Amino acid sequence: MAQTSVSLPEGDLRVARCDMLDKLIAAADGDAALLYLYVLRHGSADGKTAARALHLSQERYERAAFTLNGLVTPAVPPQADKPSDTPQYTADELRRARLDDHKFAAVCDSAESVLGRTLTEGQLRCLLTAYDHLGLSAGAIIELLSYLKGEKGVVRLSDIRRETYLWADMGVVSAQQAQQYLARKANEKPLSEAVYKALGADPAQPAPKEQRVCRFALAHGFPPEAIELAVRRTDKQQGHKSLDYTLGILRRWDEAGVHTVSEITALEPETRAAVGQTPAQPTDPGTLAAWEQDWAARVRSHRRKTEE
């Protein structure tokens with residue numbers, strides 16, 4: 001059957017970074033790719049508006065935003081994450097904002113407590129940009145500062161700038177949204193740490209490739225035990241650690257619709273020698289439990305229908 005060609009209509013141009021497209025393709029996360037296109041088209045993403053436009057549930061949107069921000073953040077130098085349209089507040093505007101707006105004054109007081117010193121003009125400008133330009137409420141910024149203090153101990157201006165833009169992109173702009181986001185992040189932390197440990201990585205300082213595998217695992221529902229299995233099979237097949245190979249295994253399992261160890265071993269038993277190849281069928285069905293045989297049969301049936 002001939003392949004279908006695609007012709008795009010003419011219209012306004014939007015430029016996508018090739019390195020970002022490469023990362024999205026490697027992540028294999030369709031929701032994150034859709035969100036990237038939305039942000040590329042509209043310049044930013046308000047959480048509720050973007051989720052509604054993309055027909056994503058809140059959970060799927062949060063996962064997509066988590067993946068996309070994970071792809072963007074490491075590649076953004078500390079001084080390069082400031083868009084050209086950022087307001088250039090004068091010293092007088094900064095001074096008056098702190099004197100005349102009691103909510104912004106509370107933000108400044110909280111920042112000085114976190115930083116342990118009087119705010120510089122640059123720090124004031126960063127906070128006012130988040131409050132006045134990005135639309136984060138005073139409560140959200142205070143939650144953000146407290147979070148950074150707990151995570152990093154010593155907070156830098158670049159940390160505040162990067163995190164405020166990230167929260168604005170995710171639509172985390174109110175104190176309530178900030179608390180909900182941080183609660184979800186705290187709940188995900190033990191799972192992320194477990195995944196990193198399964199990869200043999202340092203949870204406190206994971207390498208970029210390790211972060212990439214972790215993001216894929218979290219986004220596609222792989223538990224740490226499945227990651228350990230993928231790592232073992234990588235070592236058995238390759239003879240050494242290869243995160244690219246491990247990620248390839250996870251992608252194959254995801255395409256087959258298997259994620260837990262019991263699902264994976266029903267389709268690809270541990271006794272299989274060629275673990276790097278996609279098997280047509282499991283080995284001797286008699287060695288499988290009844291429910292595993294039934295599940296494996298349904299997988300094979302689904303594959304046949306897909307091929308047809």
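What you see is a predicted model; the values in this text were computed from it and never measured.

Visitor: Account for the overall build of the protein, naming residues and giving values.
Guide: Along its length, the protein carries 15 helices and 0 strands. Here the protein, with 308 residues, has 41% of them falling under the buried criterion. Intrachain contacts of the protein at a sequence separation of at least 6 include 64% that bridge at least 24 residues. On the protein, roughly 17,400 Å² of surface is accessible, and the fraction owed to carbon and sulfur atoms is 52%.

Visitor: Tell me about the confidence of the model for the protein, and name the residues and values.
Guide: Residues of the protein with pLDDT of at least 70 account for 76%, and the chain-wide mean is 79. In this model residues 272–287 is a low-confidence stretch, pLDDT under 50, and it forms 31 contacts with partners more than four residues away in sequence or in other chains.

Visitor: I'd love a proper account of the side chain of S110, names of residues and values included.
Guide: For S110, the position within the fold is in helix α6 (residues 102–115). For S110, the contacting residues outside a window of four places in its chain are I142 and L145.

Visitor: An account of the packing of helix α5 (residues 91–100) against α6 is needed here, citing residue identities and associated values.
Guide: Orientation of α5 relative to α6, taken along the N-to-C sense of each, is 105°, at an axis distance of 5 Å. One way to sum up the angle between α5 and α6 is to call them roughly perpendicular. Listed contacts from α6 to A97, R98 and D100 of α5 are H102, F104, A105, C108, D109 and E112.

Visitor: Which residues make up the nonpolar core, and what values do they have?
Guide: The biggest cluster of nonpolar side chains holds 49 residues, and the ones touching the most others in it are L35, F104, L127, L136 and W167. A per-element tally of this core places helix α8 (residues 138–152) first, with 7 residues. The next biggest cluster of nonpolar side chains, apart from the first, holds 24 residues, and it includes A201, I227, A256 and V258.

Visitor: Outline the packing of helix α9 (residues 157–170) against helix α10 (residues 175–198), supporting the account with residue identities and numerical values.
Guide: The geometry of α9 relative to α10 is characterised by a closest axis approach of 12 Å and an angle of 100° between their N-to-C directions. Considering the angle they form, α9 stands roughly perpendicular to α10. Of α10, the residues touching α9 (which contributes L166, W167 and M170) are A178, Y181 and L182. Looking at the contact of α9 with α10, its residues break down into 6 nonpolar, no polar and no charged.

What counts as what
Residues numbered from 1 in each chain as written. Predicted model: local features only at pLDDT ≥ 70, side-chain atom pairs only at ≥ 80, totals over all residues. Heavy atoms only, no water. Helix = DSSP H or I, 4+ residues; strand = E, 2+ residues; numbered from the N terminus. Buried < 20%, exposed > 50% of the residue type's maximum accessible area, 1.4 Å probe, protein only. Contact = heavy atoms within 4.5 Å. Areas by Shrake-Rupley, 256 points an atom, 1.4 Å probe, with all protein chains shown as cover. pLDDT = per-residue confidence, 0-100. Axes fitted to C-alpha atoms, helices over the stretch in contact; angles between N-to-C directions. Parallel < 35°, antiparallel > 145°, perpendicular 65-115°, else oblique. Core = buried A, V, L, I, M, F, W, Y, C linked by side-chain atoms within 4.5 Å. Nonpolar A, V, L, I, M, F, W, Y, C, P; charged D, E, K, R; others polar.

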